[in-house]
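A structural walkthrough
Spelled out from the first residue to the last, the chains are:
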Amino acid sequence: MRTQVRTGQVLTVVVLLFMTFDGVIHLLRIAPVVDAFRQLGYPLAAAVPLGVVEIACVALYLVPATRAIAAVLLTAYFGGAVATQVRAGADWFPVIFPVLLGVLLWSGLSFTDGRVRRALTASAA
């Protein structure tokens, strides 16, 4: 059981570090963000609010009492990212990457939280 919890923590940290990095670069509006927003057809003015949403979701996830709702909010964010990439006609990797982040996030949460694990296994039955 200890290995399962540690695995869940590692999976979670990977996702949260990536989301923190992504949120910060949105706030800073560095050149790759500017280019990506142009390619995806989003106004650059949306970068900062999106960065704030990402960082707020990470902060919510760090509070144990709000972890599950933060996972739901991040899943919604990932869904928007998938939709954006599909609309833009992106290759397969930019489309699947947010899905992989969601799988890692929920896997990590289910490995560390028995309530989530039971809810996920009950819904699969």
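It should be emphasised that the depicted structure is a prediction, and the values quoted were computed from it without experimental measurement.

Focus: the packing of helix H1 (residues 2–28) against helix H3 (residues 47–62)
- Closest axis-to-axis distance for the H1/H3 pair is 7 Å, and the angle between their directions is 150 degrees. With respect to H3, the axis of H1 lies roughly antiparallel. The handedness of the crossing between H1 and H3 is left-handed. In contact with Thr12, Leu16, Met19, Thr20, Asp22, Gly23, Val24, His26 and Leu27 of H1, H3 contributes Ala47, Val48, Leu50, Gly51, Val52, Glu54, Ile55, Val58, Tyr61 and Leu62.
- Taken together, the residues of the contact of H1 with H3 break down into 12 nonpolar, five polar and two charged.

Topic: the pattern of salt bridges
- Counted by the stated rule, this structure contains two salt bridges.
- One salt bridge in this structure joins Asp35 and Arg38, with 3.2 Å as the shortest N-O distance. In this pair, Asp35 and Arg38 both sit in helix H2 (residues 31–40), three residues apart, roughly one turn of the helix.
- Owing to a relative accessible area of 37%, Asp35 belongs among the partly exposed residues under this scheme.
- The partner of Arg115 in a salt bridge is Asp113, with the nearest N and O atoms 3.0 Å apart.
- Residue Asp113 is classed as buried on the basis of its relative accessible area, which comes to 15%.

Quick notes on the layout of surface pockets
- There is about 730 Å³ of room inside the largest pocket.
- What lines the largest pocket is a set of 25 residues, and nearest its centre among them are Asp22, His26, Leu40, Ala81 and Gln85.
- Residue assignment for the lining of the largest pocket shows that the elements contributing at least two residues are H1, H2, H3, helix H4 (67–87) and helix H5 (92–112).
- Looking at side-chain class alone, the lining of the largest pocket contains 19 nonpolar, four polar and two charged residues.
- Quantified by volume, the second largest pocket comes out at close to 190 Å³.
- Around the second largest pocket, the lining residues are Gln9, Thr12, Val13, Leu16, Tyr61, Leu62, Pro64, Arg67, Thr112, Asp113 and Arg115.
- Elements with a minimum of two residues in the lining of the second largest pocket: H1 and H3.
- Here the lining of the second largest pocket gets four residues from one element, more than from any other, and that element is H1.
- Of the residues in the lining of the second largest pocket, the class split is five nonpolar, three polar and three charged.

Thresholds, definitions, all that
- All chains use their own residue numbering, which begins from 1 and follows the written sequence.
- Where local features are concerned, this predicted model is filtered to residues with pLDDT of at least 70; where side-chain atom pairs are given and counted, the filter is 80 or more; whole-chain, interface and lining totals use all residues.
- Side-chain measures here rest on the full set of heavy atoms in the structure, leaving out hydrogens and waters.
- Here, axes are lines fitted to C-alpha atoms. For helices the fit covers the stretch in contact, and angles between N-to-C directions go from 0 to 180 degrees.
- Helix numbering and strand numbering both begin at the N terminus, where a helix is a DSSP run of H or I of at least 4 residues and a strand a DSSP run of E of at least 2.
- Comment on the angle field: the value is read as roughly parallel under 35 degrees, roughly antiparallel over 145, roughly perpendicular from 65 to 115, and oblique elsewhere.
- Whether a crossing is left-handed or right-handed is set by the direction in which the near helix is turned from the far one by less than a right angle, anticlockwise for left-handed and clockwise for right-handed.
- Two residues form a contact once any of their heavy atoms are found within 4.5 Å.
- Each residue is assigned to one of three groups, with Ala, Val, Leu, Ile, Met, Phe, Trp, Tyr, Cys and Pro labelled nonpolar, Asp, Glu, Lys and Arg labelled charged, and all others, Gly among them, labelled polar.
- By definition, a salt bridge exists where a carboxyl oxygen of Asp or Glu is found within 4 Å of a side-chain nitrogen of Lys or Arg.
- Each residue's exposure class comes from its accessible area (1.4 Å probe, protein chains only) as a fraction of the maximum for that residue type: buried when under 20%, exposed when over 50%, partly exposed otherwise.
- Only protein atoms enter the calculation, which uses a 1 Å grid: trapped sets of points that fit a 1.4 Å probe without letting it out are cavities, open sets showing protein on both sides within 12 Å along at least five of seven lines are pockets, and any residue with an atom within 4 Å of a point is a lining residue.
- Grid points are joined across faces, edges and corners, and a volume is the space filled by probe spheres set on the points.

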